[in-house]
Amino acid sequence: MKLKSFGMTVILLLSLIGMGISCDDDDKKIVYNNLPVESRHFIENYFAGVEVSSVVKEDGEPHYKVELANGFTLKFYRNGGWQEVDGNGMEIPGPVQYDLLPGAILTYVAQEYPDASIVEMSQHNYGYEVNLGTQPEVELKFNRDGGIITDIVD
């Protein structure tokens, strides 16, 4: 009887552990048309003609992650607004930079890092983060107005 009870306890514990592990990964692939309209407009405006490789709906924020065939990764908030554009080492297209970042950020990068290109950009509650394609990598943080907060060389 004790062996049967012990066996049932082990099975119950393993089941609970399995359920806990499966709950950790609430990300799921979705079809492009299930993205918020604002996210789809962003992609169609800035990456027209580029094939969408995958769309994942994530549990937290950013809420949507889109992989493009050209190597770019885009992340969007739950409401569809952009959170991150990552070129994965490739320069972010000029129109994306000019339309989404305050001019003060672009001016700062051009003056302080004239030979560098912006390869990743994201927006946060405090403002913006921009990574440059330099060696070593430079990470810049700016407030909402485009004023520099930190300049970190990795």
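Structure's up top.
Computed from a predicted structure; not experimentally measured. (Residues numbered from 1 in each chain as written. Predicted model: local features only at pLDDT ≥ 70, side-chain atom pairs only at ≥ 80, totals over all residues. Heavy atoms only, no water.)

A.B. asks: Before we move on, could you go through the packing of aromatic side chains and cite the residues and values that matter?
C.D. replies: Scanning all chains against the criterion turns up 4 aromatic pairs. Here Phe42 and Phe76 contribute two aromatic rings whose centre-to-centre distance is 5.4 Å and whose plane-to-plane angle is 80°, an arrangement assigned as edge-to-face. Note that Phe42 is positioned in helix α2 (residues 37-46) and Phe76 in strand β4 (residues 73-76), a separation of 34 residues in sequence. Residue classification places Phe76 among the buried residues on the basis of a relative accessible area of 0%. Taken together, the aromatic side chains of Phe42, Tyr46 and Phe76 make up a single cluster linked through ring pairs. Seen from the ring of Tyr128, Arg144 lies directly overhead, with NZ or CZ sitting 5.3 Å from the centre. (Phe/Tyr/Trp six-rings, centres within 6.5 Å; stacked < 30°, edge-to-face > 60°. Helix = DSSP H or I, 4+ residues; strand = E, 2+ residues; numbered from the N terminus. Buried < 20%, exposed > 50% of the residue type's maximum accessible area, 1.4 Å probe, protein only. Lys NZ or Arg CZ within 6 Å of the ring centre and 35° of its normal.)

A.B. asks: Mind laying out the environment of Arg40, listing which residues take part and the relevant values?
C.D. replies: Secondary-structure assignment places Arg40 in helix α2. With relative accessibility at 18%, the residue Arg40 sits in the buried group. Once the C-alpha coordinates of Arg40 and Gly80 are considered, the two residues, 40 residues apart in sequence, prove to be 8.3 Å apart.

A.B. asks: Give a description of the side chain of Gln83 that names residues and reports values.
C.D. replies: Within the secondary structure, Gln83 sits in strand β5 (residues 82-86). Classification of Gln83 by relative accessible area gives buried; the value is 7%. Other than its neighbours up to four places away in sequence, Gln83 contacts Pro62, Lys75, Phe76, Tyr77, Met121, Ser122, Gln123 and His124. (Contact = heavy atoms within 4.5 Å.)

A.B. asks: Lay out the nonpolar core with the relevant residues and their values.
C.D. replies: For soluble globular proteins, nonpolar side chains are generally found buried alongside one another. Residues Phe42, Phe47, Leu74, Val85, Ile118, Met121 and Leu132 are the most contacted members of the largest nonpolar core, which totals 33 residues. Broken down by element, this core gets its largest block of residues, 4 residues, from helix α4 (residues 103-112). Residues contacting Val85, with those up to four places away along its chain left out, are Phe42, Phe47, Phe72, Thr73, Leu74, Ile92, Val96, Val119, Glu120 and Met121. (Core = buried A, V, L, I, M, F, W, Y, C linked by side-chain atoms within 4.5 Å.)

A.B. asks: Can you break down the pairing of β4 residue by residue, with the values?
C.D. replies: Inspection of the sheet shows strand β3 (residues 64-68) paired to β4 by 4 bridges, in the antiparallel sense. Each residue of the ladder has a partner; that of Tyr64, found in β4, is Phe76. Between β3 and the antiparallel strand that follows it, β4, lie 4 residues; Gly71 among them carries a positive phi value of about 100°. Here β4 pairs with β5 via 4 bridges, running antiparallel. Counterpart to Phe76 in the pairing with β5 is Trp82. Between β4 and the antiparallel strand that follows it, β5, lie 5 residues; Gly80 among them carries a positive phi value of about 100°. (Pairing = 2+ DSSP bridges.)

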